[in-house]
Amino acid sequence: MTFNLAILTDNWRDLLDGMVLTVLIWAGGTVMGLAIGLMVAVVQLLTNRWIAAPLNVYVAVMRGTPFLIQLFIIYYGGPFFGLDLTPMVAGVAGLALYGGAYFSEIFRAGFVSVPPGQIEAARMMGISRLAIVRHVQLPQMLVIILPALANMTVLLSKETAVLSVITVNELTSVVQSIGSTTFAFAETLLFLALVYWAFLEIVTAAARRLEKRVGRFMLRTQN
Amino acid sequence: MFNTEIIVKSLPMLLQASVWTVVYSLTSVAIGFCIGTLMCAAGLSSSRLGRGVAAFYVSFFRGVPLLVQLLISYYCLPLIGLNVPSSVAAVGTLALCTGAYIAEILRGGFLGIPPGLIEAARMVGLSRAQILTRIEVPMAVRFTLPALVNETTMMVKASSLISVVGVLELTRLAQNIATSTFQPLEIYLAAGAIYFVINAVISSAGTLVEGRFKAETAR
């Protein structure tokens with residue numbers, strides 16, 4: 001087995017493009033997923049169970065079925081509903097919908113973690129329910145759920161590799177096409193693994209630092 | 001038109017393929033549990049080498065997407081002269097991946113065991129292996145059962161990825177039917193429903209066992 005690193009340097013442009021696209025997909029999917037998750041959790045919190053029921057089904061279905069099948073349904077099943085999505089749009093939407101279900105569960109746990117006495121007190125003062133969420137519950141719970149949110153964000157970054165199956169031109173798919181034209185699978189795939197590994201270690205370390213900072217802030221407010 | 005007929009027609013085939021999904025995912029969880037236990041024990045041991053190996057293993061297999069791991073095992077094992085069937089390579093990769101997560105889950109369980117218990121076992125003359133299999137693992141499993149069941153359902157979902165490296169299971173068969181019948185929506189919805197049912201069964205089985213454990217502890 002020979003190890004030819006020139007394959008990587010020869011194709012650096014494509015690899016860089018793939019990397020940038022992977023990060024963009026991850027960022028887009030995460031931001032939209034957080035928005036979906038927060039909306040779902042707030043609606044579940046503030047409305048009656050007839051409105052919450054379909055949302056519960058959404059969360060259960062997204063968490064109970066493989067991400068790959070969800071992508072297939074959105075991308076190949078989309079035209080049935082008149083949704084002719086490009087692989088990229090289908091992929092990011094899939095990532096957001098998948099992440100949103102998990103994020104909503106994290107937010108839901110966060111809402112429960114704020115002592116009910118505070119909400120009662122705020123209500124007595126005539127603050128609207130939505131304002132209580134915005135000014136009383138969210139600021140406190142975000143600190144508590146930060147590790148869980150960070151963890152899910154890291155998990156989502158790994159799911160971006162699956163988008164290669166529906167032909168999104170992200171890093172995994174770039175690497176596979178270089179591999180299949182040059183037969184240099186070992187070099188390219190190990191490079192791919194190292195890139196993801198390094199990226200995840202960096203994101204995880206950044207999350208730890210953020211948690212520590214926020215933790216310090218928590219200690220200060222308690223004193 | 002939503003074609004329910006195609007779902008009814010292909011359901012027997014899909015169910016048959018789902019047996020493979022269950023077999024592959026449960027086998028990899030079983031093997032992964034053994035790997036995870038060993039890695040967890042190594043990670044908590046006093047040996048620096050053991051801790052290093054465990055940390056590297058957990059970090060790599062949790063830090064690289066499963067799809068990438070599968071591609072590596074599929075394309076690179078033959079390069080180093082290992083010509084194993086793709087299903088074996090895929091199950092091995094799934095097992096290594098879930099083993100890293102299980103090692104992390106069990107860690108919490110191992111740390112929850114009162115140290116006096118281990119000391120007592122050592123005094124009675126149990127060997128290190130006996131303490132691991134008779135005391136530490138059973139207790140750690142009880143402490144962490146919900147997380148272990150959750151990991152199992154994650155693996156059922158993750159097993160859909162082995163379709164990409166050419167192993168025939170539920171997702172792969174669904175792909176085959178979808179491309180030959182041009183009814184992707186119906187077929188993938190049916191496949192998704194089967195995955196959902198499999199995971200629902202595993203989750204409720206987990207809750208059942210958990211309840212039994214709790215009843216036993218209460219007694």
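What you see is a predicted model, and the numbers here were worked out from it, not measured in a lab.

### So, the overall build of chain B
Per the secondary structure count, chain B includes eight helices and zero strands. Order of helices (α) and strands (β) in chain B, N terminus to C terminus: α-α-α-α-α-α-α-α. Each principal axis of the C-alpha atoms in chain B carries an extent, and together these give about 70 × 50 × 25 Å. Looking at chain B residue by residue over its 219 residues, the buried ones come to 46%. Long-range contacts, defined as pairs at least 24 residues apart, comprise 77% of the intrachain contacts of chain B with a sequence gap of at least 6. Looking at chain B as shown, the accessible area adds up to about 10800 Å², and 68% of this sits on carbon and sulfur atoms.

### A look at the overall build of chain A
Counting its regular elements, chain A contains nine helices and zero strands. Listing the helices and strands of chain A from first to last along the sequence gives α-α-α-α-α-α-α-α-α. Projected onto its principal axes, the C-alpha coordinates of chain A cover approximately 70 × 50 × 25 Å. The buried share of chain A, taken over its 223 residues, is 44%. Counting contacts in chain A only where the partners sit at least 6 residues apart, residues at least 24 apart contribute 77% of the total. Accessible surface, chain A as shown: approximately 11600 Å² in total, 67% of it carbon and sulfur. Of the side chains in chain A, 14 bear a positive and 11 a negative charge, and the two mean positions are spaced by 19 Å.

### Looking at the UniProt feature "transmembrane region" (unreviewed entry) in chain A
All names here are of chain A. Here, the residues flagged by UniProt with the feature "transmembrane region" (unreviewed entry) are residues 20-43, 55-76, 88-111, 132-150 and 189-210. Taken end to end, residues 20-43 is 100% helix and 0% strand, and its first and last C-alpha atoms sit 34 Å apart. For residues 189-210, the end-to-end C-alpha separation is 32 Å, with 100% helix and 0% strand making up the annotated structure.

### Some points on helix 1 (residues 4-44) of chain B
At 3.6 residues per turn, the α-helix brings residues three or four places apart onto the same side. Considering bend angle alone, the principal kink of helix 1 of chain B is centred on B:L11 and spans about 50°; proline B:P12 follows within four residues of it. Where helix 1 of chain B begins, the side chain of B:N3 points an oxygen toward the backbone nitrogen of B:E5, at a separation of 3.1 Å.

### Description of the UniProt feature "transmembrane region" (unreviewed entry) in chain B
Residues and elements named next belong to chain B. Here, UniProt's "transmembrane region" (unreviewed entry) annotation points to residues 20-42, 54-75, 87-106 and 187-209. End C-alpha atoms of residues 54-75 are separated by 25 Å, and the span's content is 91% helix alongside 0% strand. Taken end to end, residues 87-106 comprises 100% helix and 0% strand; its first and last C-alpha atoms sit 27 Å apart.

### Focus: the UniProt feature "domain: ABC transmembrane type-1" (unreviewed entry) in chain A
UniProt feature "domain: ABC transmembrane type-1" (unreviewed entry): in the numbering of this structure it lies at residues 19-202 of chain A. Structurally, residues 19-202 of chain A is divided into 83% helix and 0% strand, and its ends, taken at the C-alpha atoms, are 15 Å apart.

### Notes on the interface of chain A and chain B
If you look at the interface, chain A gives 36 residues, while chain B gives 36 residues. Here chain A meets chain B over a buried area of about 3000 Å², counting both sides, of which 80% is carbon and sulfur. Counting the contacts that link chain A with chain B gives zero salt bridges. Breaking the side of chain A that touches chain B down by element, the ones donating at least two residues are helix 3 (49-64), helix 4 (67-77), helix 5 (87-113), helix 7 (129-159), helix 8 (171-182) and helix 9 (185-222) of chain A. The dominant element in the side of chain A that touches chain B, judged by the number of residues it contributes, is helix 9 of chain A, at ten residues. Each residue belonging to the side of chain A that touches chain B can be placed in one class, and the counts come to 27 nonpolar, six polar and three charged.

### A closer look at the UniProt feature "domain: ABC transmembrane type-1" (unreviewed entry) in chain B
As recorded in UniProt, the sites labelled "domain: ABC transmembrane type-1" (unreviewed entry) are residues 14-206 of chain B. The span residues 14-206 of chain B carries 83% helix and 0% strand; its end-to-end C-alpha distance comes to 25 Å.

### So, the layout of surface pockets
All names here are of chain B. If you add up the space inside the second largest pocket, you get close to 350 Å³. Around the second largest pocket, the lining comprises 13 residues; the ones closest to its centre are A41, L44, F110, R128 and E136. For the lining of the second largest pocket, the secondary structure elements donating two or more residues are helix 1, helix 4 (86-111), helix 5 (115-124) and helix 6 (128-158). With four residues, helix 6 is the single largest residue contributor to the lining of the second largest pocket. Classifying every residue of the lining of the second largest pocket by side-chain character gives eight nonpolar, two polar and three charged.

Conventions used here
Residues numbered from 1 in each chain as written. Chains lettered and ligands numbered in written order. Predicted model: local features only at pLDDT ≥ 70, side-chain atom pairs only at ≥ 80, totals over all residues. Heavy atoms only, no water. Helix = DSSP H or I, 4+ residues; strand = E, 2+ residues; numbered from the N terminus. Buried < 20%, exposed > 50% of the residue type's maximum accessible area, 1.4 Å probe, protein only. Contact = heavy atoms within 4.5 Å. Areas by Shrake-Rupley, 256 points an atom, 1.4 Å probe, with all protein chains shown as cover. Lys, Arg positive; Asp, Glu negative; His and termini not counted. Charge placed at Lys NZ, Arg CZ, Asp CG, Glu CD. UniProt positions renumbered as here; feature names shortened; annotations may be inferred. Bend = angle between axes of the 7 residues up to and from the residue. Polar contact = N/O pair within 3.5 Å; in protein donor to acceptor, adjacent residues only side chain to side chain. Buried area = accessible area lost by both parts, 1.4 Å probe. Salt bridge = Lys/Arg side-chain N within 4 Å of Asp/Glu carboxyl O. Nonpolar A, V, L, I, M, F, W, Y, C, P; charged D, E, K, R; others polar. 1 Å grid on protein atoms, 1.4 Å probe; cavity = no way out; pocket = protein on both sides within 12 Å on 5 of 7 lines; lining within 4 Å. Points joined across faces, edges and corners; volume = space filled by probe spheres on them.

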